[in-house]
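Descriptive analysis of the structure
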Amino acid sequence: AVTGDFLVQVSNGNLNQGNSLSDALSVSGLAGFSNTSGGVSLTNTFNHLAGGLSVSAASASIANSGLLTLKGAEISSALNLDNRGGNVVQGSATGDSLRITGLTTVNNSAGDIALDPRSNAFGGGLSLSGASANIGHSGTLTFAASTLSGALTVNNTGGAILQSAALSLSGLGSFTNPGGAITLN
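Structure report, in brief. For every chain, the first residue of the written sequence is number 1, and numbering continues from 1 onward in sequence order. Residue-level local features of this predicted model are given only where pLDDT is at least 70; pairs of side-chain atoms are given and counted only at 80 or more, and the full residue set underlies all totals for whole chains, interfaces and linings. Processing note: side-chain calculations cover all non-hydrogen atoms of the structure and skip hydrogens and water entirely.

1. Comments concerning the overall build of the protein
A run of DSSP states H or I qualifies as a helix once it reaches four residues; a run of E qualifies as a strand once it reaches two. Both are numbered from the N-terminal end. Helix and strand counts for the protein stand at zero helices and 23 strands. For a compact globule the rule gives 2.2 Å times the number of residues to the power 0.38, and the radius of gyration it is set against comes from C-alpha atoms. A globule of 185 residues ought to have a C-alpha radius of gyration of about 16 Å, and the protein, at 16 Å, matches this closely. Counting every position in the protein, which comprises 185 residues, the buried fraction comes to 43%. Within the protein, contacts between residues at least 6 apart in sequence are counted, and of these 25% link residues at least 24 apart. Accessible areas in this description were obtained via Shrake-Rupley with a 1.4 Å probe; residue shielding takes into account the shown protein chains only. Just so you have it, the protein exposes about 7800 Å², and 50% of that area is on carbon and sulfur atoms. Here the protein contributes 4 positive and 7 negative side-chain charges, whose respective centroids are spaced 7 Å apart. Residue exposure (1.4 Å probe, protein chains only): buried if accessible area is under 20% of the type maximum, exposed if over 50%, otherwise partly exposed. The contact criterion used throughout is that any non-hydrogen atoms of two residues lie within 4.5 Å. In this count, Lys and Arg are taken as positive residues and Asp and Glu as negative ones, while His and the chain termini are left out. One atom stands in for each charge, and that atom is NZ of Lys, CZ of Arg, CG of Asp or CD of Glu.

2. Notes on empty space enclosed by the protein
Both cavities and pockets are sets of points on a 1 Å grid over the protein atoms alone; in a cavity a 1.4 Å probe fits but cannot get out, in a pocket the set is open with protein on both sides within 12 Å along at least five of seven lines, and lining residues sit with an atom within 4 Å of a point. Grid points are joined across faces, edges and corners, and a volume is the space filled by probe spheres set on the points. On inspection of all chains with the given rule, the structure shows one cavity of 30 Å³ or more. When its volume is computed, the largest cavity comes out at roughly 40 Å³. As for the largest cavity, its lining consists of Leu53, Ser54, Val55, Leu70, Gly72, Ala73, Leu79, Leu81 and Leu98. When contributions to the lining of the largest cavity are tallied by element, the ones reaching two or more residues are β7 (53-57), β9 (68-75) and β10 (79-84). Along the lines of polarity and charge, the residues of the lining of the largest cavity split into seven nonpolar, two polar and no charged. Polar here means any residue outside two lists: the nonpolar Ala, Val, Leu, Ile, Met, Phe, Trp, Tyr, Cys and Pro, and the charged Asp, Glu, Lys and Arg; Gly therefore counts as polar.

3. Focus: the pairing of strand β16 (residues 126-130)
Counting buried positions along β16 gives four out of five residues, so the element sits mostly inside the fold. Taken together, the four bridges between strand β13 (residues 104-108) and β16 define a ladder with parallel strand orientation. The residue of β16 that forms the bridge with Asn107 is Ser129. Between any two strands, at least two bridges found by DSSP are needed for them to pair. As paired elements, β16 and strand β19 (residues 146-148) share two bridges and run parallel to each other. The residue bridging Gly130 from the neighbouring strand is Leu148, located in β19.

All we've got here are geometric facts, nothing functional implied.
Structure, rendered in C-alpha coordinates:
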(Lines give C-alpha, C1' and ligand atoms only; values in the text may rest on other atoms or scores of the structure.)
Protein backbone atom coordinates (compact mmCIF):
# COMPACT_ATOMS: atom_id res chain seq x y z
CA ALA A 1 0.00 0.00 0.00
CA VAL A 2 1.20 3.49 -0.88
CA THR A 3 0.05 6.25 1.49
CA GLY A 4 1.03 9.13 -0.81
CA ASP A 5 1.39 9.68 -4.55
CA PHE A 6 2.66 6.84 -6.75
CA LEU A 7 4.14 8.08 -10.04
CA VAL A 8 5.65 5.72 -12.64
CA GLN A 9 7.39 6.70 -15.89
CA VAL A 10 8.36 4.14 -18.55
CA SER A 11 10.20 5.01 -21.75
CA ASN A 12 10.63 1.62 -23.42
CA GLY A 13 8.13 -1.25 -23.67
CA ASN A 14 4.83 -1.79 -21.90
CA LEU A 15 3.90 -1.36 -18.24
CA ASN A 16 2.03 -4.48 -17.05
CA GLN A 17 0.71 -5.87 -13.77
CA GLY A 18 0.07 -9.36 -12.39
CA ASN A 19 -3.46 -10.45 -11.48
CA SER A 20 -3.00 -12.00 -8.02
CA LEU A 21 -4.11 -10.23 -4.87
CA SER A 22 -0.47 -9.56 -3.92
CA ASP A 23 0.07 -7.74 -7.27
CA ALA A 24 -2.77 -5.24 -6.64
CA LEU A 25 -2.07 -1.53 -6.22
CA SER A 26 -3.49 0.33 -3.24
CA VAL A 27 -2.68 4.04 -3.51
CA SER A 28 -4.16 6.74 -1.26
CA GLY A 29 -2.61 9.62 -3.26
CA LEU A 30 -2.46 10.24 -7.00
CA ALA A 31 -1.57 7.18 -9.10
CA GLY A 32 0.18 8.55 -12.18
CA PHE A 33 1.44 6.43 -15.09
CA SER A 34 3.35 7.70 -18.12
CA ASN A 35 4.68 5.55 -20.95
CA THR A 36 6.21 7.43 -23.87
CA SER A 37 6.50 4.41 -26.18
CA GLY A 38 3.97 1.76 -25.17
CA GLY A 39 0.89 0.83 -23.22
CA VAL A 40 -0.19 0.73 -19.59
CA SER A 41 -2.04 -2.41 -18.52
CA LEU A 42 -3.11 -2.40 -14.86
CA THR A 43 -5.99 -4.87 -15.01
CA ASN A 44 -5.87 -6.36 -11.51
CA THR A 45 -9.46 -6.16 -10.24
CA PHE A 46 -8.16 -5.71 -6.67
CA ASN A 47 -6.54 -2.33 -7.49
CA HIS A 48 -7.72 0.52 -5.26
CA LEU A 49 -6.64 3.91 -6.63
CA ALA A 50 -8.29 6.07 -3.98
CA GLY A 51 -6.44 9.33 -4.67
CA GLY A 52 -7.11 9.55 -8.39
CA LEU A 53 -5.61 8.33 -11.67
CA SER A 54 -3.57 10.13 -14.30
CA VAL A 55 -2.31 8.27 -17.37
CA SER A 56 -0.39 9.14 -20.53
CA ALA A 57 0.42 6.32 -22.96
CA ALA A 58 -0.17 4.80 -26.36
CA SER A 59 -3.00 2.71 -24.87
CA ALA A 60 -4.28 1.98 -21.38
CA SER A 61 -6.38 -0.66 -19.63
CA ILE A 62 -7.10 0.07 -15.97
CA ALA A 63 -9.11 -1.91 -13.40
CA ASN A 64 -10.16 -0.48 -10.03
CA SER A 65 -12.43 -1.23 -7.10
CA GLY A 66 -14.10 1.69 -5.33
CA LEU A 67 -14.37 5.32 -6.33
CA LEU A 68 -12.19 6.14 -9.36
CA THR A 69 -11.34 9.82 -9.92
CA LEU A 70 -9.74 10.56 -13.29
CA LYS A 71 -7.13 13.31 -13.09
CA GLY A 72 -6.29 13.55 -16.78
CA ALA A 73 -5.46 11.20 -19.64
CA GLU A 74 -3.59 11.54 -22.94
CA ILE A 75 -3.99 8.30 -24.91
CA SER A 76 -2.98 7.97 -28.58
CA SER A 77 -4.96 4.75 -29.03
CA ALA A 78 -7.65 3.12 -26.84
CA LEU A 79 -8.58 3.56 -23.17
CA ASN A 80 -10.40 0.82 -21.27
CA LEU A 81 -11.60 1.45 -17.70
CA ASP A 82 -13.18 -1.33 -15.63
CA ASN A 83 -14.44 -0.19 -12.23
CA ARG A 84 -16.28 -2.05 -9.47
CA GLY A 85 -17.77 -0.84 -6.23
CA GLY A 86 -18.00 2.91 -6.74
CA ASN A 87 -18.52 5.76 -9.17
CA VAL A 88 -16.17 6.87 -11.95
CA VAL A 89 -15.75 10.65 -11.75
CA GLN A 90 -13.41 13.25 -13.17
CA GLY A 91 -11.46 16.03 -11.50
CA SER A 92 -12.33 19.63 -12.37
CA ALA A 93 -8.82 21.13 -12.62
CA THR A 94 -7.56 22.38 -15.99
CA GLY A 95 -5.22 19.40 -16.46
CA ASP A 96 -7.91 16.80 -15.75
CA SER A 97 -9.16 16.62 -19.35
CA LEU A 98 -9.42 13.26 -21.08
CA ARG A 99 -7.97 13.25 -24.61
CA ILE A 100 -8.31 9.84 -26.19
CA THR A 101 -7.64 9.25 -29.91
CA GLY A 102 -9.07 5.71 -30.03
CA LEU A 103 -12.15 4.12 -28.49
CA THR A 104 -12.83 4.91 -24.83
CA THR A 105 -14.64 2.13 -22.95
CA VAL A 106 -15.92 2.75 -19.41
CA ASN A 107 -17.46 -0.23 -17.58
CA ASN A 108 -18.76 0.60 -14.12
CA SER A 109 -20.74 -2.33 -12.77
CA ALA A 110 -21.85 -0.70 -9.53
CA GLY A 111 -22.16 3.01 -10.03
CA ASP A 112 -22.45 6.16 -12.06
CA ILE A 113 -20.08 7.67 -14.62
CA ALA A 114 -19.44 11.43 -14.45
CA LEU A 115 -16.98 12.64 -17.09
CA ASP A 116 -18.41 16.09 -17.39
CA PRO A 117 -15.74 18.70 -18.23
CA ARG A 118 -16.49 19.94 -21.76
CA SER A 119 -12.77 19.91 -22.55
CA ASN A 120 -12.84 16.10 -22.98
CA ALA A 121 -12.13 14.68 -26.45
CA PHE A 122 -13.13 11.09 -27.15
CA GLY A 123 -11.92 10.97 -30.76
CA GLY A 124 -12.47 7.27 -31.43
CA GLY A 125 -15.87 6.97 -29.82
CA LEU A 126 -17.24 6.31 -26.34
CA SER A 127 -18.74 3.10 -24.97
CA LEU A 128 -20.45 3.21 -21.55
CA SER A 129 -21.78 0.52 -19.23
CA GLY A 130 -23.12 1.33 -15.77
CA ALA A 131 -25.91 3.13 -13.94
CA SER A 132 -26.31 6.79 -15.01
CA ALA A 133 -23.77 8.85 -16.95
CA ASN A 134 -23.01 12.55 -17.34
CA ILE A 135 -20.65 13.29 -20.24
CA GLY A 136 -19.01 16.55 -21.29
CA HIS A 137 -17.20 16.76 -24.62
CA SER A 138 -15.74 19.12 -27.20
CA GLY A 139 -15.85 18.10 -30.87
CA THR A 140 -17.70 15.31 -32.62
CA LEU A 141 -18.80 12.64 -30.14
CA THR A 142 -19.70 9.16 -31.39
CA PHE A 143 -21.32 6.67 -29.03
CA ALA A 144 -20.28 3.05 -29.51
CA ALA A 145 -22.38 0.21 -28.00
CA SER A 146 -23.55 1.44 -24.58
CA THR A 147 -25.92 0.19 -21.88
CA LEU A 148 -27.00 2.27 -18.88
CA SER A 149 -29.54 1.26 -16.25
CA GLY A 150 -30.26 4.94 -15.55
CA ALA A 151 -30.11 8.27 -17.37
CA LEU A 152 -27.59 9.74 -19.83
CA THR A 153 -26.83 13.47 -19.92
CA VAL A 154 -24.53 14.79 -22.65
CA ASN A 155 -23.20 18.34 -23.03
CA ASN A 156 -21.19 18.79 -26.21
CA THR A 157 -19.71 21.77 -28.02
CA GLY A 158 -18.03 22.12 -31.39
CA GLY A 159 -19.25 19.07 -33.29
CA ALA A 160 -21.99 16.53 -33.84
CA ILE A 161 -23.34 13.84 -31.49
CA LEU A 162 -23.60 10.51 -33.33
CA GLN A 163 -23.86 6.80 -32.63
CA SER A 164 -22.18 3.82 -34.30
CA ALA A 165 -24.00 1.06 -32.37
CA ALA A 166 -26.96 0.54 -30.04
CA LEU A 167 -27.40 3.03 -27.19
CA SER A 168 -29.62 1.38 -24.54
CA LEU A 169 -30.92 3.56 -21.69
CA SER A 170 -33.41 2.66 -18.96
CA GLY A 171 -33.67 6.32 -17.90
CA LEU A 172 -33.95 9.67 -19.64
CA GLY A 173 -31.52 10.65 -22.40
CA SER A 174 -30.69 14.38 -22.46
CA PHE A 175 -28.44 15.75 -25.22
CA THR A 176 -27.28 19.38 -25.45
CA ASN A 177 -25.22 20.41 -28.46
CA PRO A 178 -25.39 24.15 -29.25
CA GLY A 179 -24.78 24.70 -32.95
CA GLY A 180 -24.17 21.00 -33.72
CA ALA A 181 -26.24 18.14 -35.05
CA ILE A 182 -27.59 15.29 -32.95
CA THR A 183 -28.10 12.12 -34.99
CA LEU A 184 -29.09 9.05 -32.98
CA ASN A 185 -30.71 6.36 -35.11
